Amino acid sequence: GAPNVSTAVAVREQHGHDESMHACAPPDAVVWPQSVGQVQELAALCYRCRVPMVPFGTGTGLEGGVNAVQGGVCFDLSRMDAIAELSLEDFSVAVEPGVTRKALNSHLRGTGLWFPVGTVDAGALGSSRGWGCLWSWGCP
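The shown structure was predicted, so the numbers you read here are calculated from the model rather than taken from an experiment. (Residues numbered from 1 in each chain as written. Predicted model: local features only at pLDDT ≥ 70, side-chain atom pairs only at ≥ 80, totals over all residues. Heavy atoms only, no water.)

Regarding the overall build of the protein chain
We count it as follows: By definition, any uninterrupted DSSP run of H or I lasting at least four residues is a helix, any uninterrupted run of E lasting at least two residues is a strand, and each is numbered from the N terminus. Note on definitions: a residue-residue contact is assigned when non-hydrogen atoms from the two residues lie within 4.5 Å. For accessible areas, the Shrake-Rupley method is used with a probe of radius 1.4 Å. Any residue's cover is judged against the shown protein chains and nothing else.
On a plain count of helices and strands, the protein chain comes out with four helices and six strands. Helices (α) and strands (β) of the protein chain occur, in sequence order from the N terminus, as β-α-β-α-β-β-β-β-α-α. Relative to all contacts within the protein chain whose residues are 6 or more apart in sequence, the contacts with residues 24 or more apart total 51%. Carbon and sulfur atoms make up 57% of the accessible area of the protein chain, which totals about 8,300 Å².

Here we look at the environment of R79
The test is simple: When a residue's accessible area, from a 1.4 Å probe over protein chains only, is under 20% of the maximum for its type it is buried; when over 50% it is exposed; and in between it is partly exposed. Polar contacts here mean pairs of N or O atoms no more than 3.5 Å apart (in protein, one a potential hydrogen donor and the other a potential acceptor; neighbouring residues in sequence count only if both atoms are side-chain atoms).
With respect to the helices, strands and loops of the structure, R79 is situated in the loop between strand 4 (73-76) and strand 5 (83-87). Taking relative accessible area as the criterion, R79 reaches 38% and is therefore assigned partly exposed. With near-sequence residues (within four places) excluded, R79 lies in contact with P3, N4, W32, P33 and Q34. Engagement of the side chain of R79 in a polar contact is seen with the side chain of N4, the distance being 2.8 Å.

Some details on helix 3 (residues 101-108)
Which entries qualify depends on this criterion: It is the directions from the helix axis to the C-beta atoms whose arc is reported.
By the burial criterion, the buried members of helix 3 are R101, L104, N105 and L108. One side of helix 3 holds all its buried residues, which, seen down the axis, span an arc of 95°. Backbone geometry just after helix 3 places G110 at a positive phi near 95°.

Some thoughts on unusual backbone geometry
Despite not being glycine, R50 shows a phi value in the positive range, around 55°. With respect to the helices, strands and loops of the structure, R50 is situated in the loop between helix 2 (36-48) and strand 3 (53-56).

Concerning helix 2
In plain terms, the rule: To estimate how far a helix should extend, the number of its residues minus one is multiplied by 1.5 Å.
Taking 1.5 Å per residue as the helical rise, helix 2 with its 13 residues ought to reach 18 Å, and the 18 Å between its terminal C-alpha atoms agrees with that figure. Count one or two residues on from helix 2 and you reach R50, which has phi positive near 55°.

Some remarks on the environment of C46
Among the secondary structure elements, C46 is positioned in helix 2. By relative accessible area, which is 7% here, C46 ends up buried. In this structure the C-alpha to C-alpha distance between C46 and G72, which are 26 residues apart in sequence, comes to 8.4 Å.

Looking at the confidence of the model for the protein chain
Applicable threshold: Every residue gets a pLDDT, meaning the predictor's confidence in that residue, from 0 to 100.
Confidence in the prediction for the protein chain averages 84 pLDDT; 83% of positions are at 70 or higher. Per-element confidence in the protein chain is highest for strand 2 (residues 29-31), whose mean pLDDT is 97, and lowest for helix 4 (residues 117-120), whose mean pLDDT is 58. Note that residues 127-140 has pLDDT below 50 and, in this model, 27 contacts with residues that lie over four places away or in other chains.

Encoded structure:
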């Protein structure tokens, strides 16, 4: 519905660039899915209609990966911010893609564990996946 979809120019431009040197390339629309099921439904619809999909976490990337160079729909995953499972025994955590390092460290306070700064800075942990992290400690 309306609070979860926008075609406003300002919103599209905000989602059409990151911290890279690349020029803004806004998507045609921005959606804010709130569950894996919604992502699956939206992805299936985009696939059927041959519409490009662009994932968006916090826009702090340095590679231009959020630039919608062929238009399409931007999936802003920031509202998917649940910390689903924490295992202190094997130092692993399952998070949704909108969880930030700061939010995870707040959740971990008191356990003696933390997610270090050098792995993802202030961005969403979901972006770590592209660097080979498996939602666990010790990312490269």
